[in-house]
Amino acid sequence: MTLLGKLIKSSAFRTIETAINIGIGFLMLPLLMHHLGEEIYGIWVLVGSITASFYLFDLGFASAVTRFIAASLTRGDRTEAQYVSSTAFVLYCALALLIILTTIIIASLTPNITSSGDHTTLIQSLIIITGLNLALEFPFKAYAGIISYHVRYDLMSAVRISVKLASTIATIAALLIGKGIIEVALIGLAGSLISNLAFRYFSHRLEPDVHVKISRFRRAHLKDLFNFSTWTFLIDVSRLLQERAPLWSIGFFLGPQLLAVFYVGQRLVEYLFQFLYRAVSMYTPILTREHVNNNIHGFTSKLIIFTKLNVILACTSMVGFITLGEPLIKLWMGNNFDYRTAYLSGLFLLAGKMLLFITMPINSAFLSRQKPRVMSFVSMAETSFLGALLIVVPILFDTSLINIAFSVMVSYALTRLILVPALICKELNLSIGKITFLWGRPLLVSCVGYYLISSLYSNVQTEIPQITAILICATFYGFYVLMTLPFLLSALEHTQLARVLPERWMLLLNWPTLFAKHGET
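Residues numbered from 1 in each chain as written. Predicted model: local features only at pLDDT ≥ 70, side-chain atom pairs only at ≥ 80, totals over all residues. Heavy atoms only, no water.

Draft legend 1. Looking closely at a nonpolar patch on the surface. Side chains of Leu97, Ile100, Ile104, Leu132, Leu136, Leu193 and Leu197 sit close together on the surface and give an oily, nonpolar patch of about 600 Å² of accessible area. With three residues, the top contributor of residues to the nonpolar patch is helix α4 (residues 78-108). Structurally, the position occupied by Leu193 is in helix α8 (residues 181-206). (Patch = residues over 30% accessible without salt bridge, like charges linked within 9 Å, V, L, I, M, F, W, Y side chains within 5 Å. Areas by Shrake-Rupley, 256 points an atom, 1.4 Å probe, with all protein chains shown as cover. Salt bridge = Lys/Arg side-chain N within 4 Å of Asp/Glu carboxyl O. Helix = DSSP H or I, 4+ residues; strand = E, 2+ residues; numbered from the N terminus.)

Draft legend 2. Structural context of the nonpolar core. Ranked by internal contacts, the top residues of the largest apolar core, which has 67 residues, are Leu29, Met33, Tyr41, Phe262, Val264, Met333 and Met354. Non-local contacts of Leu29, meaning those with residues more than four positions away in its chain, are made with Tyr41, Tyr263, Val264, Arg267, Trp332 and Met333. Membership of the second largest hydrophobic core comes to 36 residues, among which are Ala64, Leu91, Ala198 and Val210. (Core = buried A, V, L, I, M, F, W, Y, C linked by side-chain atoms within 4.5 Å. Buried < 20%, exposed > 50% of the residue type's maximum accessible area, 1.4 Å probe, protein only. Contact = heavy atoms within 4.5 Å.)

Draft legend 3. Structural detail: the pattern of salt bridges. Across all of its chains, the model carries five salt bridges by this definition. A salt bridge links Lys353 to Glu270; its shortest N-O distance comes to 3.4 Å. One end of the pair, Lys353, is in helix α13 (residues 339-358); the other, Glu270, is in helix α10 (residues 256-280), with 83 residues separating them in the sequence. Taking the relative accessible area as the measure of exposure, Lys353 reaches 8% and is therefore buried. Glu270 gets classed as buried once you look at its relative accessible area, which sits at 15%. Where Glu382 meets Arg416, a salt bridge forms, and the shortest distance between an N and an O atom there is 2.6 Å. With Glu382 in helix α15 (residues 372-396) and Arg416 in helix α16 (residues 401-428), the pair connects residues that are 34 residues apart, well separated along the chain.

Draft legend 4. Representation of the packing of aromatic side chains within the structure. One pass over the full model with this rule turns up seven aromatic pairs. For the pair Phe273 and Phe357, a centre-to-centre distance of 6.3 Å together with 80° between the ring planes defines the contact as edge-to-face. Taken together, the residues Phe273 in helix α10 and Phe357 in helix α13 connect sequence positions 84 residues apart. Phe357 matches Phe273 in its accessibility class, with the two residues each being buried. Here the aromatic rings of Tyr477 and Tyr480 are separated by 6.4 Å at their centres, their planes lie at 15°, and the arrangement is stacked. Within this pair, Tyr477 and its partner Tyr480 are both found in helix α19 (residues 466-484), separated by three residues, close to a single helical turn. In this structure Tyr477 comes out as buried when scored by relative accessible area, which is 8%. (Phe/Tyr/Trp six-rings, centres within 6.5 Å; stacked < 30°, edge-to-face > 60°.)

Draft legend 5. The arrangement of the environment of Val90 in detail. Within the element layout of this structure, Val90 appears in helix α4. Along the sequence, Val90 and Arg216 sit 126 residues apart, while their C-alpha atoms lie 9.9 Å from each other. The residues touching Val90, leaving out its near neighbours within four places in the chain, are Ile214 and Phe217.

Draft legend 6. Up close: the state of the cysteines. The tally for this structure, following the rule as stated, stands at zero disulfides. Cys447 carries a free sulfur, and the closest cysteine sulfur to it, the one in Cys315, is 8.4 Å from it. Classification of Cys447 as exposed rests on a relative accessible area of 53%. (Disulfide = S-S within 2.5 Å.)

Pasting the structure below:
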């Protein structure tokens, strides 16, 4: 299978995996909230946000291990790859022990985490289970880089799909027979362990000569891993704080019940972001290849076209959420849920996430040019802006879910609309217009699309059931996007995409030409 074929297959499997996760999420969130109650579910979200911060113990080593193992395999040096993997295994075992220790400490400090004093034992148990879940995952990271080197993301996507379906069935069964959140957490622990074992199995199958031997631990390799991981660690820290700080702020100041309302909007946004990211996040290898070949023109042209595609997808997503987000949340969670607040919070969060999504090709461009420090500084600036806004906005206005979501959006806008485009233009000697011009056509077409879909929904919602109205409007909007897609790209952009995408995919962009040829015959 060619590299392009592997990329497309991996992208397809990751997209399917994300779609299944979204579908299961839509099913499970209201089911969990109904069976557990908003307060217990809010505690589950809060605990998850706390223990997720333990990923910081990775210290950016996953990216470093991936890079060094992939580089060794590229040179055909399996012995060197084994040294890296063995060194990483020892390192990750030590980090896993540190996570377990931290988990015990955090669990003992539970009364200071939240005002929910009646659920102290429950929170402590959940922290221990989720912390152990993460600690068990770390040693398997020693094999990072093998699957990505072979571009076989599809293997792990297939495993995760199977595990997700099985764990979902087990969770539903547990809830129906009266089990609680502890059993749900244990099911998640079992599913994660199976996925980790599968990761080890496929890594060994792809590279049977790369396996761990404690005797092959080398301090020199440990130093190399530390040197590379510093900047990616700063990016990971900033990203985690951006995602978790709003949840911590709400959990501390407003309580777990309001946290559940905020989380519904945030979760819907995350579903959409993950779907888009997994569908188009395969551009990094292409940009890296152009950089290694010193093809500046090819690097720049592909960066611009990838950014243009992300702009189109972001604008399309925003219009869909603006028009159908509120009725979708209402249908999803029920009339008794505060769907209006969840929708408005989600709207601001999505605006910020889409600004991040649009500039992700630029992020990959800096990484492929071996300049991770640039985006690490940007991420730290965003985190600083967000921290300041989470303090200042509640003081100037009040501590509400919508104001917190608005703060998240503004933190992204300050960097992604101005700073990041300016940095990449300076790096590649481009005019700022090369980047900002990409917004024109997608914004215009999106405004027209918003008018059409909002008019359609307002006319049909009173005549037919709400779910039918949503499906009709979503189908109409999807058809509208497909029909306008060819006109969003210039002739040059069509040509550039044809060099990257398979011919059958280009039919989505070239259908007017096919009709024209048919008319001529």
